[in-house]
Amino acid sequence: MSDKAVQDTSCDTTVVEFSSANGHQFGEQYASQVDELRTVFQSGKTKSYAWRIAQLDAMKKLMQKHAADIQAAVNLDLGKSKTEAKFAEIALGLSEIAYLRKNLKRLMKPQKVSSPLAAFPSSSYIKYEPLGVALIIGAWNYPFHLTIAPLLGAIAAGCCAVIKPSELATNTSQLIAKLLPEYIDTDAFIVIEGGKEETSQLLTLKFDKIFYTGGEQVGKIVMSAASRHLTPVTLELGGKSPCLVDSSADIKTSAKRIAWGKFINLGQTCIAPDYVLVEASVKDAFVEELIKQIEVQYGKQPKTNSDYGRIINSRHCQRLAGYLVEQDVIYGGDIDIQAKYISPTLVMEPSSQSQIMSEEIFGPILPIKTMSSTQEMIDFVEARPHPLAAYVFTKDTAFQSNFENQVTAGNICVNDISMFMVNHQLPFGGVGTSGMGGYNGKYSFTSFCYEKSVMKRSFRLENNLRYAPYTSFKTWLMSKFIR
Ligand code: NAD
């Protein structure tokens, strides 16, 4: 097999060529497994309401029975506390199951639509049909939830799936590979563990849907591979999510919520505030309160606080340490690469061109820049790639609506961080470089479906206008029906 690695210089990410030298196709080792899934899908087994509900129930049982195992695995991978693991890795998924269970019948029901006079008599409706065999590629930062949540959508939609957890969160990946086959239908779902090599092999195969969560560079590789089979993709990517604070904001509550949203999971959250833009008149008060809130939440020695986890690996720790070179670190900055530890860190006034202001930080470092007006803040955000989330803290309703109307972002939250995640009525996803497509609640279901249009006509009342020969009378009469 000539799985020759080549360097994709545009995104500095190694991609693997799909060519083969000895007649064997790259990716062949998984081809038969995917073929088997397709046979199962085509049998119709996964389409019934009862089967979908049984799988959702099995997932619920898995998560309830193995909550302690999940907590232990994410603790080993990221030093995540039991509490954080319980609400961010388990409770969110359980609540998604509860939503899908409660609403599945309604979601599966054909949606009736009206029919035009030109097609009278007829009835029309839209059916949400499962796309088929999906590939779900998970991320490492919430390694259980971000792999399982798309799977819940695939189950609800009636799809089969290959699930590829992130290799960086080794313990969670192994746990997912062990537990899923014990609970859900192994005819319809398989877990394949591995990293770049295995993902690249999977990406050569034809899937009916690819759901990818991760960085922008690999997102491009995924989309490019999907284009070979015209496979639809959902790309849940990241980016630099801005957080704006103006002089009217409740500084104490803003600082408290920003400290929580930024330092939970050590900033390794795709919707964590990446940087803060603060109005000059409240800069000092905000920074002072932010430091106070960090210490209320994590104490003066976060390294020994079990609520404060660790960076996923030393490579990422090293990357984050690099952002601090020649920066004005006004708080924190304690780094222990071997222990994969970085304390909550604040950086003042980095230049807009610096690395820390150009790349997604994805760690516990928060740059703060002072701005002289709210419009300057909006302009700053809009001059950059569209973020996954954008936050504004203000009591000024005019600023709130300017922010909402002028900022392009996947998710916007006024006066809080990340809380839109708990609302199943809101789709979660990015725009532009932060991704495409969304999920959560009914959007988890629809992202694994396609909309099948159905029109039913009867043999009664034949209207001969559309048939040749086209006389001038027919043309005139037709124009009365079709405008
Ligand atoms: P990544 O993009 O490096 O890896 C994600 C997956 O891609 C892994 O399963 C991995 O095996 C696979 N992979 C890695 N390199 C590959 C290659 N060359 N070819 C094929 N597959 C490959 O993950 P990351 O960049 O470290 O994750 C962090 C990023 O993910 C951040 O940008 C973050 O914002 C984003 N993220 C987004 C969401 C979301 O829901 N939108 C959630 C979590 C993380």
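Residues numbered from 1 in each chain as written. Predicted model: local features only at pLDDT ≥ 70, side-chain atom pairs only at ≥ 80, totals over all residues. Heavy atoms only, no water.

1. Section: the pairing of strand 4 (residues 122-130)
By the bridge criterion, three bridges tie strand 3 (residues 111-113) to strand 4 in an arrangement that is antiparallel. Looking across to strand 4, one finds that Q111 is bridged to I126. Note that strand 4 and strand 20 (residues 449-457) share nine bridges and pair antiparallel. Residue pairing across strands places K127 opposite K452, the latter belonging to strand 20. (Pairing = 2+ DSSP bridges. Helix = DSSP H or I, 4+ residues; strand = E, 2+ residues; numbered from the N terminus.)

2. Some details on the domain arrangement of the protein
Domain boundaries assigned for the protein yield domain 1 (4-238 + 437-451) and domain 2 (242-425). Between the C-alpha centres of domain 1 and domain 2 the distance comes to 30 Å. Counting residues at the interface gives 22 residues for domain 1 and 23 residues for domain 2. Summed over the shared surface of domain 1 and domain 2, the result is zero salt bridges. At the boundary of domain 1 and domain 2, one finds nine residue pairs in polar contact (both at pLDDT 80 or more). When residues of the side of domain 1 that touches domain 2 are traced back to their parent elements, those giving at least two are helix 3 (67-78), helix 4 (82-108) and helix 14 (442-446). (Domains from an automatic or database assignment. Contact = heavy atoms within 4.5 Å. Salt bridge = Lys/Arg side-chain N within 4 Å of Asp/Glu carboxyl O. Polar contact = N/O pair within 3.5 Å; in protein donor to acceptor, adjacent residues only side chain to side chain.)

3. Comments concerning the environment of M419
The residue M419 is located in the loop between strand 18 (411-414) and strand 19 (435-436) in this model. Taking relative accessible area as the criterion, M419 reaches 37% and is therefore assigned partly exposed. For the pair M419 and G261, spaced 158 residues apart in sequence, the C-alpha to C-alpha distance is 9.2 Å. (Buried < 20%, exposed > 50% of the residue type's maximum accessible area, 1.4 Å probe, protein only.)

4. Structural notes on the nonpolar core
In summary, soluble globular proteins display a tendency toward joint burial of nonpolar side chains. M59, L151, I258, F286 and L290 are the most contacted members of the largest nonpolar core, which totals 140 residues. For this core, the leading source of residues is helix 5 (residues 145-157), giving nine residues. If near-sequence neighbours (up to four positions away) are discounted, M59 is found in contact with I97, I148, L151, L152, I155, L180 and I184. (Core = buried A, V, L, I, M, F, W, Y, C linked by side-chain atoms within 4.5 Å.)

5. Overview of a nonpolar patch on the surface
On the surface, L117, F120 and L461 cluster together into a nonpolar patch covering about 340 Å² of accessible area. As for its position among the elements, L461 is in the loop between strand 20 and helix 15 (472-481). We classify L461 as exposed; its relative accessible area is 52%. (Patch = residues over 30% accessible without salt bridge, like charges linked within 9 Å, V, L, I, M, F, W, Y side chains within 5 Å. Areas by Shrake-Rupley, 256 points an atom, 1.4 Å probe, with all protein chains shown as cover.)

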